[in-house]
Amino acid sequence: MSTKTQDVEALINQKYRHGFVTDIESDSLPPGLDEDVVAAISRKKNEPQFLLDWRLKAFRHWKTMREPVWAHVHYKPIDYQDISYYSAPRAPLNAPKSLDEVDPKLLATYAKLGIPLHERAKLAGVAVDAVFDSVSVATTFKDKLGKAGVIFCSFSDAVRDHPHLIERYLGTVVPAGDNFFAALNSAVFSDGSFVYVPAGVRCPMELSTYFRINAAKTGQFERTLIVAAEGASVSYLEGCTAPMRDENQLHAAVVELVALDDARIKYSTVQNWYPGDENGLGGIYNFVTKRGECRGRNSKISWTQVETGSAITWKYPSCVLKGDNSVGEFYSVAVANNYQQADTGTKMIHIGRNTKSTIVSKGISAGHAENTYRGLVKILPSADGARNFTQCDSLLMGPQCSAHTFPYMEVKNPSATVEHEASTSKIGEDQLFYCLQRGISTEDAVNMIVSGFCKVVFKELPMEFAVEAQNLLSVSLEGAVG
Amino acid sequence: MLLKITDLSVRVAGKDILKGVNLEVRRGEIHAIMGPNGSGKSTLAQVLAGRADYEVTGGSVTFEGQDLLALPAEERARAGLFLGFQYPVEIPGVNNVYLLKAALNAKRKAAGQPEVDAYEFLALIKQKMRLMQMSESFLSRGVNEGFSGGEKKRNEVLQMLVLEPTLAILDETDSGLDIDALKVVSMGVNSLRDPNRAVVLVTHYQRLLGYIVPDYVHVLSGGRILKSGDRSLALELERRGYDWVQQESKVA
């Protein structure tokens, strides 16, 4: 092995920065899952009957389902009875009304993560709905959004304040029994975010949520629902970090997006959950169902994700293109280092006429990691003139990692156009040497090469976050050349 | 003495390529290293630049009096050693100007100078691009991405002009150039000619030396410098080939 490769490996082995645990008492349910637990969660949150019924239906369905095994990931069986399904930071008098009432330790945690809530939110003009474990602790910029008529709140608040909207849209994109993890989430989800942008309104700011898994052994089951009514538009960013843990933590979120006629939703994710140590110990299991439905004509849903964390990622943000002329986009950078396993991609289901989808996937593997792109482009007989363009590129760093690509296509309309391009390249010693010979350090060179590889995806991110994403990539890859 | 190579031996992938090379380069000089294919010319260039997978098995190299072989590649570059690559690599998505600015700033930082500001840099690079007759579209393109062979070589010389190295080693910068491009590249190299700098040209052909007139010409063959002379040696090589040099050295 050459010296350069060793340098790269040393860089890869940089420690995870965000590994710490905040010492806050949790109000948790004991481990285990049955109908009583589902009911207890619903009761703790004072939910209306329809939601309890929906949860129980999902739970009964889940019990009949089996954990999927088709993904290209390997892990020990999860004991679902050994997980606590509810954990809330203890508040003195119900929920805090403002940041002043928030537990200072909690705020300190955010500061450590580099997200001082108030300052940063103001500076960036971003409304942050921070989820600490399972309960929202602070929400800012509510006034400004309120004036525009935009509802942006925790899922629990939405259930309390806007139950009709929840009842109307919940589970309409990802049904309760959609898949094993979505069914589990539907039964036990604790909190998450809700966004409703009324007809004709352009959301006046980027919406952002930071998730963080904290209490030991508590699976976190967020539920996010975003609805853009006719002609509305919204851009939402979700970013994540998690503290260091020895035990694997399960995370099974569901995100549903609904775009009505002429509506636009842009959903961006920067995911930096603890990936496990260099031996593959610990780390988050991230089994997520994300799906958007372009329900109306000329609507558009765009997913952009930068995935650097988690021990295992199983995630396929998808678009159901029902409305005529609707557009679905998926831009992804997935980084897997050490023993990380990522099986991610997208599904584009073309139903309406002249629907159009674009898939750009950039996979980066380093260490012993396995990175899989799995995509489905399905064009139904009704989708006259549908078009898809798919581009999947893989970048390998070092000799022990691997990349796999599984692009599935089902075209049932002869007028459709489907294009696919794929490439796999190694981060070249030649490229590295070229940069070094120009006086650029190994670390900067690697960042530069990787950023170049990911450029087309980064430019899809909201401006404020593109820099952050690039920094995040530097950390994970600095280490990794990753 | 700017560069002093003493008995340098180098092994690449288990094979001895350089077998005791000696060479001295003073400031203000231009040297041409010629030789048949596979003689070790490019290996010499790469080793001087600090390519990691080339194993130095013997000898020493000093650059401005310091042990060059002890420095990692990036420090050699910052100290003023530039390699114009025979096959410049493409780095997709990385902006050509961005790389060059990072390179210049790395060098300035090492010299304790402040980073160049964006306007200053743009003015500098535009001036050098005019000299190299490059269109402004190069500013927005990725590093060598989709460049023709000739464009890549011009880009190498452009980088050299911006970085202003003390020692430039140009590895077959003339290969694959048409006559017009050759003139432009030569003009670029000549513009760098200065009593404080030196240039080492690695080339197959005498053609380049009509435009960049060397002070010394060396024949590298079989991993050794077999013969050194002035410009007339290049003309003789053009006329007679390399065989006679090899014969002569066997007799000696």
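Here, every reference points to the structure presented above.
In short, a report on the structure. (Residues numbered from 1 in each chain as written. Chains lettered and ligands numbered in written order. Predicted model: local features only at pLDDT ≥ 70, side-chain atom pairs only at ≥ 80, totals over all residues.)

We now examine the packing of helix H3 (residues 96-110) of chain B against helix H5 (residues 149-163) of chain B. Residues and elements named next belong to chain B. Close contact between H3 and H5 brings their axes to 10 Å; oriented N to C, the two are set at 30°. Comparing the axis directions of H3 and H5 gives the class roughly parallel. Where H3 crosses over H5, the two elements pack in a sense that is right-handed. The segment H3 lies against H5, with Leu100, Ala103, Leu104 and Lys107 engaging Gln159, Val162 and Leu163. Residue classes in the contact of H3 with H5 are distributed as five nonpolar, one polar and one charged. (Axes fitted to C-alpha atoms, helices over the stretch in contact; angles between N-to-C directions. Helix = DSSP H or I, 4+ residues; strand = E, 2+ residues; numbered from the N terminus. Parallel < 35°, antiparallel > 145°, perpendicular 65-115°, else oblique. Left-handed = near helix turned anticlockwise from the far one by under 90°. Contact = placed C-beta atoms within 7 Å. Nonpolar A, V, L, I, M, F, W, Y, C, P; charged D, E, K, R; others polar.)

As a further point, take the pairing of strand S6 (residues 191-197) of chain A. On a regular strand, each side chain points to the face opposite its neighbour's, so the side chains alternate between the two faces of the sheet. Residue and element names in this part refer to chain A. Taken across its seven residues, S6 has seven buried, putting it largely inside the fold. Sheet topology places strand S5 (residues 151-154) next to S6; four bridges connect them, and they run antiparallel. Its bridge partner being in S6, Phe152 is matched across the sheet by Val195. Pairing analysis gives seven bridges linking S6 to strand S8 (residues 222-228), with the strands arranged parallel. (Buried ≥ 20, exposed ≤ 12 C-beta atoms within 10 Å, placed from the backbone. Pairing = 2+ DSSP bridges.)

Our next topic: the sheet that holds strand S10 (residues 198-202) of chain B. All names here are of chain B. Pairing is mixed in the open sheet, where six strands are placed in the order S6-S9-S10-S3-S11-S12. Each edge of the sheet is formed by a strand with only one pairing partner; in this case those strands are strand S6 (81-84) and strand S12 (224-229). Shown here is a sheet whose adjacent strand axes are inclined to one another by a mean of 20°, direction ignored. Here four bridges tie strand S3 (residues 30-34) to S10, and the two strands are oriented parallel to one another. Within S10, the residue paired with Ile33 across the bridge is Val202.

Attention now goes to unusual backbone geometry. Residue and element names in this part refer to chain A. Residues other than glycine seldom take positive phi values, yet Asn46 does so here, at roughly 50°. Counting through the fold element by element, Asn46 comes out in the loop between helix H2 (35-44) and helix H3 (49-63). When the 9 C-beta atoms within 10 Å are taken as the criterion, Asn46 is described as exposed. The phi torsion at Asn325 lies on the positive side, around 65°, for a residue other than glycine. Asn325 sits in the partly exposed class, given 18 other C-beta atoms within 10 Å.

Further remarks concern the interface of chain B and chain A. Counting residues at the interface gives 22 residues for chain B and 20 residues for chain A. Put simply, the parts of the chain that give the side of chain B that touches chain A at least two residues each are helix H2 (73-78), strand S7 (91-95) and H3 of chain B. If you tally residues by element for the side of chain B that touches chain A, the top one is H3 of chain B, at five residues.

All names here are of chain B. An order of S2-S1-S4-S5 is seen for the four strands of this open sheet, with the pairing classed as antiparallel. Only two strands of the sheet have a single neighbouring strand rather than two, namely strand S2 (15-25) and strand S5 (66-67). With eight bridges connecting them, strand S1 (residues 3-12) and S2 associate as antiparallel partners. Note on S2: the bridge partner recorded for Leu8 is Val21. Sheet strands touched by helix H1 (residues 41-49): S1, S2 and strand S4 (54-63). Its angle to S4, the strand with the most contacts, is close to 70°.

Residue and element names in this part refer to chain A. The element strand S18 (residues 341-350) is largely enclosed, with a buried count of 10 among its 10 residues. Here S18 shows a buried face lined by Gln341, Asp343, Gly345, Lys347 and Ile349 and a second buried face lined by Ala342, Thr344, Thr346, Met348 and His350. In this structure, strand S15 (residues 312-315) lies alongside S18, joined through four bridges in parallel fashion. Following the sheet pairing, Thr313 is matched in S18 by Ala342. Here strand S16 (residues 318-321) runs beside S18; their pairing, made up of three bridges, is parallel. Within the sheet, the bridge partner assigned to Leu321 lies in S18 and is His350. With 10 bridges connecting them, S18 and strand S20 (residues 370-379) associate as parallel partners. Note that in S20 the partner of Ile349 across the bridge is Lys378.

Purely spatial values, then, with no claim about function.
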